[in-house]
Amino acid sequence: MISYQIVEHGRPLQKVLGETPQPRGAEVLVRITRSGVCHSDLHIWDGYFDLGGGKRFYVKDSGCVPPFTPGHEPFGVIEKVGPRAKGVKVGQKKLVYPWIGCGKCAVCKAGQDNHCVSGSRYLGVNRPGAYSTHVLVSDAKYLLDTNGIDDAFAATLACSALTAYSAAKKLPAGGAKDEVAVLGCGGLGLIAISVLRAQGVRNIVACDVDDAKLAAAAKLGAKRTLNTRTPDAAQKLQGLAGALDFVGAPATAALGIGGLRKGGRYVICGLYGGELVHPLPPIAQRAIGIIGSYVGSLAELKAVVALAKKGRLKRAPVDTRPADAANTALEDLKGGRVVGRVVLDFETVDA
Ligand SMILES: [Zn+2]
Ligand SMILES: [Zn+2]
């Protein structure tokens, strides 16, 4: 198989020829055809997350040690199945749920693999991921049928749409006039607008520093847009029932939390970095919620796929590029030059 690997953090990915793994037991080998490029791949590429105050969390401490294959939006065709793999056949097209837990802890047993407390096996995070012609999946239950959904868009459901969906579910039950802010209109923020619309949220305010991304947000159904570089941005963002932060920087946290009305909720998904310093009494007095959201569960991905199959998820822009362009894709994402999602086409790779 051919993989695009981090050989050294911060250096260009290398195209590496390796041994194709053989599925054993309940495992399934998927030949990747489409692989989404996520903003969090940039942190994995860099090798750390910024914890603020000069502190860092190094990804090697959670099992991501070079040489490492990133990529956690895998879509492909089943190439081989282990002797105990159930309910799947060679040749079937599948979306892979990448947030695989240990399968044994109480949290995993409750269906929350994405919150596994004893040994997560997240593809592209601490297990070989989807920037590769092949991915080994531990069990067929993590494979989803996406018939009727375009392959490249289907790939993006595994992280971007799933993360947006799970975050949106953490908002308080809203009234018709409630306003919800989407902070950051990159790949996640844009699909979040589609997800919120599908859930009946009408008053969405899309926030970003880039007018091209705000224009894409308006097309997807944001009721108003706000360039947060405008000096009175904070005044224009008041009375929110909820804020979904897909950036996760001190500036967006300040806007999101500061804009909440009483009883509102701020949900943070973005991993840009920094730290939060906030006075404590108003959190109680204003009864606001501050909650984190990390990707989503398998059941939530099934719900997202069902929404997409019904055509209720308006498609955010997807830019499909040959797999060989993986490095340029990461550079473009880092430079803020991508509107929507880049998806790598692995059918262009001879393996
Ligand atoms: Zn992601
Ligand atoms: Zn677990």
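For the structure itself, look to the data block above.
The shown structure was predicted, so the numbers you read here are calculated from the model rather than taken from an experiment. (Residues numbered from 1 in each chain as written. Chains lettered and ligands numbered in written order. Predicted model: local features only at pLDDT ≥ 70, side-chain atom pairs only at ≥ 80, totals over all residues. Heavy atoms only, no water.)

Another point: the coordination of the zinc ion (ligand 2). Ideal values for angles at a metal depend on the geometry: 109.5 degrees with four tetrahedral donors, 90 or 180 degrees with six octahedral donors. Donor atoms from the polypeptide that bind the zinc ion (ligand 2) are Cys102 (SG), Cys105 (SG), Cys108 (SG) and Cys116 (SG), placed at 2.3 to 2.4 Å. Coordination at the zinc ion (ligand 2) comes from 4 donor atoms whose angles at the metal span 104 to 118 degrees, giving a geometry best classed as tetrahedral. Binding-site remark: the zinc ion (ligand 2) is held by donors from one chain whose sequence spacing is C-x2-C-x2-C-x7-C. Owing to a relative accessible area of 9%, Cys105 belongs among the buried residues under this scheme. (Donors = N, O, S within 2.8 Å, 3.2 Å for Na, K, Ca; no water. Tetrahedral: all angles 85-135°; square planar, octahedral: opposite > 155°, others 65-115°. Buried < 20%, exposed > 50% of the residue type's maximum accessible area, 1.4 Å probe, protein only.)

Our next topic: the environment of Leu298. Within the secondary structure layout, Leu298 lies in helix α8 (residues 298-309). Residues Leu298 and Leu143 lie 155 residues apart in sequence; the distance between their C-alpha atoms is 9.6 Å. When neighbours within four sequence positions are excluded, Leu298 is seen to be in contact with Tyr97, Gly111, Lys141, Tyr142 and Leu144. (Helix = DSSP H or I, 4+ residues; strand = E, 2+ residues; numbered from the N terminus. Contact = heavy atoms within 4.5 Å.)

So, on to the packing of aromatic side chains. Within the structure shown, the criterion is met by 6 aromatic pairs. On the basis of an interplanar angle of 70 degrees and a centroid distance of 5.8 Å, the ring pair of Tyr4 and Phe346 is categorised as edge-to-face. With Tyr4 in strand β1 (residues 2-5) and Phe346 in the segment after β17 (341-345), the pair connects residues that are 342 residues apart, well separated along the chain. Like Tyr4, the residue Phe346 is buried in the burial classification. (Phe/Tyr/Trp six-rings, centres within 6.5 Å; stacked < 30°, edge-to-face > 60°.)

Packing of helix α3 (residues 151-169) against helix α4 (residues 187-198) brings their axes to within 8 Å, and their N-to-C directions diverge by 70 degrees. If you check the angle between α3 and α4, you find them roughly perpendicular. In the crossing of α3 with α4, the sense of the turn from one axis to the other is right-handed. Listed contacts from α4 to Phe153, Ser160, Ala161, Thr163, Ala164, Tyr165 and Ala168 of α3 are Gly187, Leu188, Ile191, Ala192, Val195 and Leu196. (Axes fitted to C-alpha atoms, helices over the stretch in contact; angles between N-to-C directions. Parallel < 35°, antiparallel > 145°, perpendicular 65-115°, else oblique. Left-handed = near helix turned anticlockwise from the far one by under 90°.)

Here the structure, examined in full by the defined rule, presents 17 salt bridges. With a closest N to O distance of 3.1 Å, Asp46 and Lys334 form a salt bridge. In this pair, Asp46 sits in helix α1 (residues 39-46) while Lys334 sits in helix α9 (residues 326-334), placing the two residues 288 residues apart along the sequence. Note that Asp332 is salt-bridged to Arg337, the shortest N-O span being 3.1 Å. Each of the salt bridges in this network shares a partner with another, and the network as a whole consists of Asp319, Arg321, Asp332 and Arg337. (Salt bridge = Lys/Arg side-chain N within 4 Å of Asp/Glu carboxyl O.)

Topologically, Ser40 is positioned in helix α1. Owing to a relative accessible area of 15%, Ser40 belongs among the buried residues under this scheme. Beyond its immediate sequence surroundings of up to four residues, Ser40 is in contact with His72 and Leu271.

Surrounding the zinc ion (ligand 1) are the protein donor atoms Cys38 (SG), His72 (NE2) and Cys159 (SG), at 2.0 to 2.2 Å. One chain supplies every donor to the zinc ion (ligand 1), and in sequence these donors are spaced C-x33-H-x86-C. Remark: Cys159 occurs in helix α3 and His72 occurs in the loop between β5 (55-58) and β6 (74-81); sequence separation between them is 87 residues. Using a relative accessible area of 4% as the deciding quantity, one classes Cys159 as buried.

Glancing now at the nonpolar core. A general tendency of soluble globular proteins is for nonpolar side chains to be buried together. With 99 residues, the main nonpolar core has Tyr4, Tyr97, Leu157, Leu196, Leu301 and Leu313 as its most contacted residues. Once you skip the residues sitting within four places of it in the chain, Tyr97 turns out to touch Asp113, Asn114, Tyr142, Leu144, Leu162, Gly296, Ser297, Leu298 and Leu301. (Core = buried A, V, L, I, M, F, W, Y, C linked by side-chain atoms within 4.5 Å.)

With that settled, consider α8. Taking 1.5 Å per residue as the helical rise, α8 with its 12 residues ought to reach 16 Å, and the 16 Å between its terminal C-alpha atoms agrees with that figure. Among the residues of α8, those classed as buried are Leu298, Glu300, Leu301, Val304, Val305, Leu307 and Ala308. For α8, the elements touching its buried residues are β7 (93-96), β9 (143-144), α3 and α4. Positioned one or two residues after α8, Gly311 has a phi angle of 75 degrees, which is positive. (Expected span 1.5 Å × (residues − 1).)

What follows concerns the pairing of β5. Strand residues, when the strand is regular, have side chains that alternate between the two faces of the sheet. In terms of strand pairing, strand β4 (residues 48-52) meets β5 through 4 bridges, oriented antiparallel. Bridging from a neighbouring strand, Phe49 pairs with Phe57 of β5. Following β4, the chain reverses through 2 residues before pairing antiparallel with β5; Gly53 in that reversal takes a positive phi of roughly 60 degrees. (Pairing = 2+ DSSP bridges.)

This part covers unusual backbone geometry. The step from Pro66 to Pro67 runs through a cis peptide bond, and the omega angle for that step is 0 degrees. We note that Ala287 has phi near 50 degrees; this positive angle belongs to a residue other than glycine. By the element assignment, Ala287 lies in the loop between α7 (281-285) and β15 (289-292).

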